[in-house]
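Coordinate inspection notes
Residues per chain, in single letters:
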Amino acid sequence: MGGDRAATEVQVKELSEQEAQDLFDRICRRELGISAVEFLSRWDAGDYDATDVDSVPGLADVTMALPLIREI
Amino acid sequence: MPGRNPHEAVVAFLDPLVDALAVLDGHVQLIVHKRGGYRKGVPYVWILNGEEGMSLRGVGRLRATMQFMVIDCDPATNDGGHPLRVTTLGYNYKIIDVHDQDIIRFHWHPRGHAKNPHPHVHARPNLDAHFYMPRVTLETVIRGCLELGAPLTVDAAEAVRHLAVTEAPHVLYRSWADWPPGAEEPFRTSGR
């Protein structure tokens, strides 16, 4: 980018397995108030199967981040 | 945004996004987890600055998350003759005010439980309503931040020009713009 650009440093940061799990846990806690373990337990049990992802505040944020920890 | 291998394709995909975000003044990191190395056909996600998103001084915050996957492409369709490119699987952008209240959410989540194949927006005053609209690029969202007065690293005119340049590869190589293949236009039926 040309011109008199200020010094915003943009980086791509690659997480380790543990860092990815920790980030997903923080997202779950921030958005849904539950741990990643609890969220995944409910997810795998089908508790969200009939849920409109837009009807639960924060659920879209969590589901969008799922590839951090799972190949889905 | 093609590449010779999955890693190259992802780098070519992320580079314009990183470049676009550089017009916003503040800490910017695209966080990814490639699980040992990018592979074709596997979903990945990038997240802007983790769970808190990017602070926009005087405006609030920008949160951005995008799912993506490396797929085959026709080498004849790009100058390098490369066989792989990245396709977007979904996105979730939102601009949040200084009181931590969402101003606007840009959603496209066509996969998984309660999937919705259509890109849509939730905006004040009714964040529950779905405003269906064509696919929204990250550059469009950044232009929205600019409109709201987000601090920039360049003047506004230069930012707009720059965003047009970074958006160009996506516009050139994307396979759809309005409605995803196979998804009927919202509210339109064969009888209308």
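Residues numbered from 1 in each chain as written. Chains lettered and ligands numbered in written order. Predicted model: local features only at pLDDT ≥ 70, side-chain atom pairs only at ≥ 80, totals over all residues. Heavy atoms only, no water.

**Side note on the nonpolar core**
Stated formally: In plain words, nonpolar cores are sets of buried Ala, Val, Leu, Ile, Met, Phe, Trp, Tyr and Cys residues tied together by side-chain atoms within 4.5 Å. The buried label applies to any residue whose accessible area, calculated with a 1.4 Å probe on protein chains only, is under 20% of its type's maximum; exposed applies above 50%, and partly exposed to all values in between. Only DSSP runs of H or I with at least four residues qualify as helices, and only runs of E with at least two residues qualify as strands; both kinds are numbered from the N terminus onward.
The biggest cluster of nonpolar side chains holds 50 residues, and the ones touching the most others in it are B:Phe13, B:Leu21, B:Leu24, B:Trp46, B:Leu48, B:Leu62 and B:Tyr93. The leading source of residues in this core is helix H1 (residues 6-21) of chain B, at eight residues. If you look at the next biggest cluster of nonpolar residues, it comprises 22 residues, including A:Cys28, A:Leu68, B:Val45 and B:Ile47.

**Thoughts on H1(B)**
Residue and element names in this part refer to chain B. This is how it is decided: Helices are assigned an expected span. That span is 1.5 Å times one less than the residue count. Contacts described as polar in this section are N or O atom pairs within 3.5 Å, which, within protein, must combine one atom able to donate a hydrogen with one able to accept it, while residues neighboring in sequence count only if both atoms come from side chains.
A rise of 1.5 Å per residue sets the reference length of H1, with its 16 residues, at 22 Å; its end C-alpha atoms lie 23 Å apart and thus fit the reference within 8%. Listed in full, the buried residues belonging to H1 are Pro 6, Ala 9, Val 10, Phe 13, Leu 14, Pro 16, Leu 17, Val 18, Ala 20 and Leu 21. For H1, the N-terminal capping position is held by Asn 5, with its side-chain oxygen 3.2 Å away from the main-chain nitrogen of His 7.

**A short note on unusual backbone geometry**
Residues and elements named next belong to chain B. The step from Arg 124 to Pro 125 runs through a cis peptide bond, and the omega angle for that step is 10 degrees. Mapping Pro 125 onto the fold places it in the loop between strand S7 (116-123) and strand S8 (126-132). Despite not being glycine, Asn 49 shows a phi value in the positive range, around 55 degrees. Look at Asn 49 and you get buried, because its relative accessible area is 14%. For Asp 100, which is not glycine, the phi dihedral falls at a positive 65 degrees. Residue class for Asp 100 comes out partly exposed when judged on its relative accessible area of 41%.

**Examining the interface of chain B and chain A**
Threshold: By definition, residues are in contact when any of their heavy atoms lie within 4.5 Å. Summed over both partners, the accessible area (1.4 Å probe) lost when two parts come together is defined as the buried area. Salt bridges are identified by distance alone: a Lys or Arg side-chain nitrogen within 4 Å of an Asp or Glu carboxyl oxygen. Classes in brief: Ala, Val, Leu, Ile, Met, Phe, Trp, Tyr, Cys and Pro nonpolar; Asp, Glu, Lys and Arg charged; the others, Gly included, polar. Paired strands, in this sense, are two strands between which DSSP finds at least two bridges.
Counting from both sides, the interface comprises 47 residues of chain B and, opposite them, 39 residues of chain A. Carbon and sulfur atoms supply 56% of the area that chain B and chain A bury against each other, a total of about 3,700 Å² over both sides. Between chain B and chain A we count nine salt bridges in total. A salt bridge links B:Arg63 to A:Glu31; the nearest nitrogen and oxygen atoms lie 2.8 Å apart. On inspection of chain B and its partner chain A, the count reaches 24 residue pairs in polar contact (both at pLDDT 80 or more). When its residues are assigned to classes, the side of chain B that touches chain A shows 19 nonpolar, 16 polar and twelve charged. Relative to strand S1 (residues 28-32) of chain B, strand S1 (residues 10-14) of chain A runs parallel, the two being bridged by five bridges. Along S1(B), the bridge assignment pairs A:Val12 with B:Leu30.

**Focus: the confidence of the model for chain A**
As a reminder of what qualifies: Values of pLDDT, which run from 0 to 100, indicate the predictor's confidence residue by residue.
Per-residue confidence for chain A gives a mean pLDDT of 89, with 88% of residues at or over 70. Here residues 2-6 of chain A is modelled with pLDDT under 50, and outside its nearest four sequence neighbours on either side it reaches seven contacts, counting other chains as well.

**Quick look at the confidence of the model for chain B**
Atomic detail in the predicted coordinates should be set aside for any region of low pLDDT. Residue and element names in this part refer to chain B. Mean pLDDT over chain B works out to 90, with 92% of the residues at or above the 70 mark. Helix H3 (residues 156-173) is the least confidently modelled element of chain B, averaging 89 in pLDDT, while strand S2 (residues 44-48) averages 98, the highest of any element. Under the prediction, the complex receives an ipTM of 0.89, its pTM being 0.90.

**Considering the packing of aromatic side chains**
In plain terms, the rule: When two rings of Phe, Tyr or Trp (its six-membered ring) have centres within 6.5 Å they constitute a pair, described as stacked for plane angles under 30 degrees, edge-to-face for angles over 60, and tilted for the intermediate range.
Applying the stated criterion across every chain yields a total of eleven aromatic pairs over all chains. Note on B:Tyr38 and B:Phe68: the rings are 6.4 Å apart at their centroids and 50 degrees apart in plane angle, and the pair reads as tilted. Separated by 30 residues along the polypeptide, B:Tyr38 in the loop between S1 and S2 and B:Phe68 in strand S4 (residues 60-72) bring together distant segments of the chain. Since its relative accessible area comes to 0%, B:Phe68 is described here as buried. Ring-pair connections join several aromatic residues into one group, and the members of that group are A:Phe24, A:Phe39, A:Trp43 and A:Tyr48.

**So, the packing of helix H1 (residues 17-32) of chain A against helix H2 (residues 36-44) of chain A**
All names here are of chain A. So the rule is basically this: A fitted line through C-alpha atoms serves as each axis, taken over the contacting stretch for helices, and the angle formed by two N-to-C directions is quoted from 0 to 180°. Each angle is binned into one of four classes, with values under 35 degrees roughly parallel, values over 145 roughly antiparallel, values of 65 to 115 roughly perpendicular, and all other values oblique.
Relative to each other, H1 and H2 sit at 80 degrees, their axes nearing to 8 Å. In this view, H1 runs roughly perpendicular relative to H2, as classed from their interaxial angle. Along its contact with H1, which presents Phe 24, Asp 25, Cys 28 and Leu 32, the element H2 presents Ala 36, Phe 39 and Leu 40. Looking at the contact of H1 with H2, its residues break down into six nonpolar, no polar and one charged.

**Section: the pairing of S8(B)**
Residues and elements named next belong to chain B. One ladder, built from three bridges, connects S7 with S8; its direction is antiparallel. By the bridge assignment, Val 121 is partnered in S8 with Phe 131. Between S7 and S8, which pair antiparallel one after the other, the connecting turn spans two residues.

**A closer look at the side chain of B:Asp97**
Take B:Asp97: it is sitting in strand S5 (residues 84-97). Overall, B:Asp97 belongs to the buried group, its relative accessible area being 13%.

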